[in-house]
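A look at the structure
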Amino acid sequence: MENKIKYSCAAEGVFRAAILTLIVLVIYSVITIYLPASMKATSVFYIVMTLISVLYGSIFAAKKAGEKGWLMGIIVAATYMVVLYLVKVVGGGSAAIGMREVVRTSLALGIGTLSGMLGINL
(Lines give C-alpha, C1' and ligand atoms only; values in the text may rest on other atoms or scores of the structure.)
Protein backbone atom coordinates (compact mmCIF):
# COMPACT_ATOMS: atom_id res chain seq x y z
CA MET A 1 0.00 0.00 0.00
CA GLU A 2 2.80 2.40 0.85
CA ASN A 3 4.44 2.00 -2.59
CA LYS A 4 1.22 3.03 -4.32
CA ILE A 5 1.21 6.25 -2.33
CA LYS A 6 4.76 6.97 -3.44
CA TYR A 7 3.98 6.27 -7.08
CA SER A 8 0.95 8.52 -6.86
CA CYS A 9 3.27 11.29 -5.62
CA ALA A 10 5.45 10.78 -8.69
CA ALA A 11 2.40 10.72 -10.98
CA GLU A 12 1.15 13.96 -9.46
CA GLY A 13 4.60 15.48 -9.95
CA VAL A 14 4.54 14.52 -13.64
CA PHE A 15 1.02 15.91 -13.97
CA ARG A 16 2.04 19.22 -12.39
CA ALA A 17 5.12 19.40 -14.62
CA ALA A 18 2.93 18.84 -17.69
CA ILE A 19 0.48 21.54 -16.62
CA LEU A 20 3.36 23.97 -16.07
CA THR A 21 4.68 23.09 -19.53
CA LEU A 22 1.29 23.79 -21.12
CA ILE A 23 0.97 27.14 -19.37
CA VAL A 24 4.48 28.24 -20.36
CA LEU A 25 3.96 27.06 -23.96
CA VAL A 26 0.77 29.11 -24.27
CA ILE A 27 2.54 32.20 -22.92
CA TYR A 28 5.50 31.63 -25.28
CA SER A 29 3.14 31.16 -28.23
CA VAL A 30 1.40 34.45 -27.51
CA ILE A 31 4.74 36.24 -27.16
CA THR A 32 6.03 34.85 -30.46
CA ILE A 33 2.93 36.13 -32.24
CA TYR A 34 4.07 39.68 -31.55
CA LEU A 35 7.83 39.16 -31.30
CA PRO A 36 9.24 36.61 -33.74
CA ALA A 37 11.83 34.26 -32.25
CA SER A 38 14.67 32.53 -34.03
CA MET A 39 14.92 28.74 -34.19
CA LYS A 40 17.92 28.85 -31.86
CA ALA A 41 16.02 30.87 -29.26
CA THR A 42 13.06 28.49 -29.52
CA SER A 43 15.35 25.48 -29.08
CA VAL A 44 16.92 26.99 -25.97
CA PHE A 45 13.45 27.87 -24.67
CA TYR A 46 12.29 24.24 -25.03
CA ILE A 47 15.30 22.94 -23.11
CA VAL A 48 14.90 25.50 -20.31
CA MET A 49 11.15 24.87 -20.15
CA THR A 50 11.72 21.12 -19.89
CA LEU A 51 14.25 21.52 -17.09
CA ILE A 52 12.09 23.96 -15.11
CA SER A 53 9.07 21.67 -15.44
CA VAL A 54 11.09 18.65 -14.27
CA LEU A 55 12.51 20.72 -11.41
CA TYR A 56 9.05 21.74 -10.24
CA GLY A 57 7.51 18.28 -10.62
CA SER A 58 10.42 16.55 -8.88
CA ILE A 59 10.48 18.95 -5.93
CA PHE A 60 6.73 18.58 -5.50
CA ALA A 61 6.80 14.76 -5.68
CA ALA A 62 9.76 14.41 -3.32
CA LYS A 63 8.32 16.83 -0.80
CA LYS A 64 4.99 15.00 -0.85
CA ALA A 65 6.59 11.53 -0.63
CA GLY A 66 8.90 12.57 2.18
CA GLU A 67 11.65 10.08 1.36
CA LYS A 68 13.92 8.89 -1.45
CA GLY A 69 13.87 12.24 -3.19
CA TRP A 70 16.50 11.24 -5.72
CA LEU A 71 14.35 8.29 -6.81
CA MET A 72 11.22 10.42 -7.01
CA GLY A 73 13.15 12.90 -9.15
CA ILE A 74 14.36 10.21 -11.52
CA ILE A 75 10.87 8.72 -11.84
CA VAL A 76 9.29 12.11 -12.51
CA ALA A 77 11.97 13.10 -15.04
CA ALA A 78 11.92 9.78 -16.90
CA THR A 79 8.12 9.65 -17.06
CA TYR A 80 7.90 13.28 -18.13
CA MET A 81 10.39 12.72 -20.95
CA VAL A 82 8.53 9.60 -22.14
CA VAL A 83 5.28 11.57 -22.18
CA LEU A 84 6.95 14.38 -24.18
CA TYR A 85 8.32 11.84 -26.65
CA LEU A 86 4.92 10.19 -27.09
CA VAL A 87 3.23 13.56 -27.62
CA LYS A 88 5.87 14.42 -30.22
CA VAL A 89 5.38 11.15 -32.12
CA VAL A 90 1.58 11.26 -31.95
CA GLY A 91 1.72 14.90 -33.07
CA GLY A 92 3.47 13.87 -36.27
CA GLY A 93 7.09 14.34 -35.23
CA SER A 94 9.89 11.96 -36.06
CA ALA A 95 10.18 8.85 -33.90
CA ALA A 96 13.97 8.91 -34.28
CA ILE A 97 15.98 9.62 -31.17
CA GLY A 98 18.92 11.87 -31.95
CA MET A 99 21.69 13.45 -29.95
CA ARG A 100 19.48 16.43 -29.03
CA GLU A 101 16.94 14.13 -27.35
CA VAL A 102 19.66 12.18 -25.54
CA VAL A 103 21.21 15.38 -24.16
CA ARG A 104 17.82 16.80 -23.19
CA THR A 105 16.84 13.56 -21.41
CA SER A 106 20.20 13.34 -19.63
CA LEU A 107 19.85 16.92 -18.40
CA ALA A 108 16.28 16.23 -17.26
CA LEU A 109 17.36 13.12 -15.33
CA GLY A 110 20.19 15.04 -13.66
CA ILE A 111 17.93 17.95 -12.74
CA GLY A 112 15.24 15.54 -11.56
CA THR A 113 17.66 13.72 -9.28
CA LEU A 114 19.06 16.90 -7.77
CA SER A 115 15.72 18.63 -7.36
CA GLY A 116 14.24 15.50 -5.80
CA MET A 117 16.98 15.59 -3.19
CA LEU A 118 16.29 19.30 -2.71
CA GLY A 119 12.57 18.64 -2.30
CA ILE A 120 13.19 16.34 0.65
CA ASN A 121 15.09 19.08 2.45
CA LEU A 122 12.60 21.89 1.91
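A short tour of the structure in this document, coming up. (Residues numbered from 1 in each chain as written. Predicted model: local features only at pLDDT ≥ 70, side-chain atom pairs only at ≥ 80, totals over all residues. Heavy atoms only, no water.)

**Side note on the packing of aromatic side chains**
Here is the rule: Between 30 and 60 degrees the pair is tilted, below 30 it is stacked and above 60 it is edge-to-face, where a pair is any two Phe, Tyr or Trp rings, Trp via its six-membered ring, whose centres lie within 6.5 Å. Runs of H or I in DSSP of at least four residues are treated as helices and runs of E of at least two as strands, each being numbered from the N terminus. Under the scheme applied here, a residue whose accessible area is under 20% of the maximum for its type counts as buried, over 50% as exposed, and between as partly exposed, the area being computed with a 1.4 Å probe on protein chains only. Only when the NZ atom of a Lys or the CZ atom of an Arg is both within 6 Å of the ring centre and within 35 degrees of the ring normal do we say a charge sits over the ring.
A full pass over the atoms with the stated rule returns 2 aromatic pairs. With centroids separated by 3.8 Å and ring planes inclined at 10°, the aromatic side chains of Y28 and F45 adopt a geometry described as stacked. Taken together, the positions of Y28 in helix α1 (residues 2-34) and F45 in helix α2 (residues 39-65) put the pair 17 residues apart, joining distant regions of the chain. In terms of burial, Y28 and F45 fall into one category: buried. A residue is classified by how much of its surface remains accessible, and F45, at 17% relative accessible area, is buried. Cluster of aromatic residues (ring-pair linked, three or more members): Y28, F45 and Y46. A cation over an aromatic ring shows up here: R16 above the ring of F60, its NZ or CZ 4.0 Å from the ring centre.

**Considering the nonpolar core**
Test applied: Put simply, buried Ala, Val, Leu, Ile, Met, Phe, Trp, Tyr and Cys residues joined by side-chain atoms within 4.5 Å make one nonpolar core. Contacts: residue pairs with any heavy atoms within 4.5 Å of one another.
If you look at the biggest cluster of nonpolar residues, it comprises 8 residues: C9, A10, V14, A61, A62, A65, M72 and V76. Elements supplying a minimum of two residues to this core: α1, α2 and α3 (69-90). Excluding its chain neighbours within four sequence positions, the residues that come into contact with C9 are A61, K64, A65 and M72. Among the nonpolar cores identified, the runner-up in size contains 7 residues, and A77, Y80, M81 and A108 belong to it.

**A word on unusual backbone geometry**
Even without being a glycine, K68 presents a positive backbone phi close to 50°. For K68, a relative accessible area of 51% gives the class exposed.

**Here's the deal with the packing of α2 against α3**
What counts here: The convention used is that axes are lines fitted to C-alpha atoms, helices contributing only their stretch in contact, and that angles between N-to-C directions extend from 0 to 180 degrees. Working rule for angles: under 35 degrees goes down as roughly parallel, over 145 as roughly antiparallel, 65 to 115 as roughly perpendicular, anything else as oblique. The hand of a helix crossing depends on one turn: near helix anticlockwise from the far one by less than a right angle means left-handed, and clockwise means right-handed.
Between α2 and α3, whose axes approach to 8 Å, the crossing angle comes to 140°. One element, α2, and the other, α3, form an angle in the oblique class. Where α2 crosses over α3, the two elements pack in a sense that is right-handed. Residues T50, S53, V54, G57, S58, A61, A62 and A65 of α2 touch α3, and the partners they reach there are G69, M72, G73, V76, A77, Y80, M81 and L84.

**Concerning α3**
Applicable threshold: The length a helix should cover is 1.5 Å for every residue beyond the first. Regarding the arc, it is the one traced by the directions from the helix axis to the C-beta atoms.
For α3, with 22 residues, the first-to-last C-alpha span of 31 Å sits near the 32 Å given by 1.5 Å per residue. Within α3, the full set of buried residues consists of G69, M72, G73, V76, A77, Y80 and M81. End-on view of α3: buried residues confined to an arc of 155°, all on one side of the axis. Immediately beyond the C-terminal end of α3, within one or two residues, lies G92, with a positive phi of roughly 100°.

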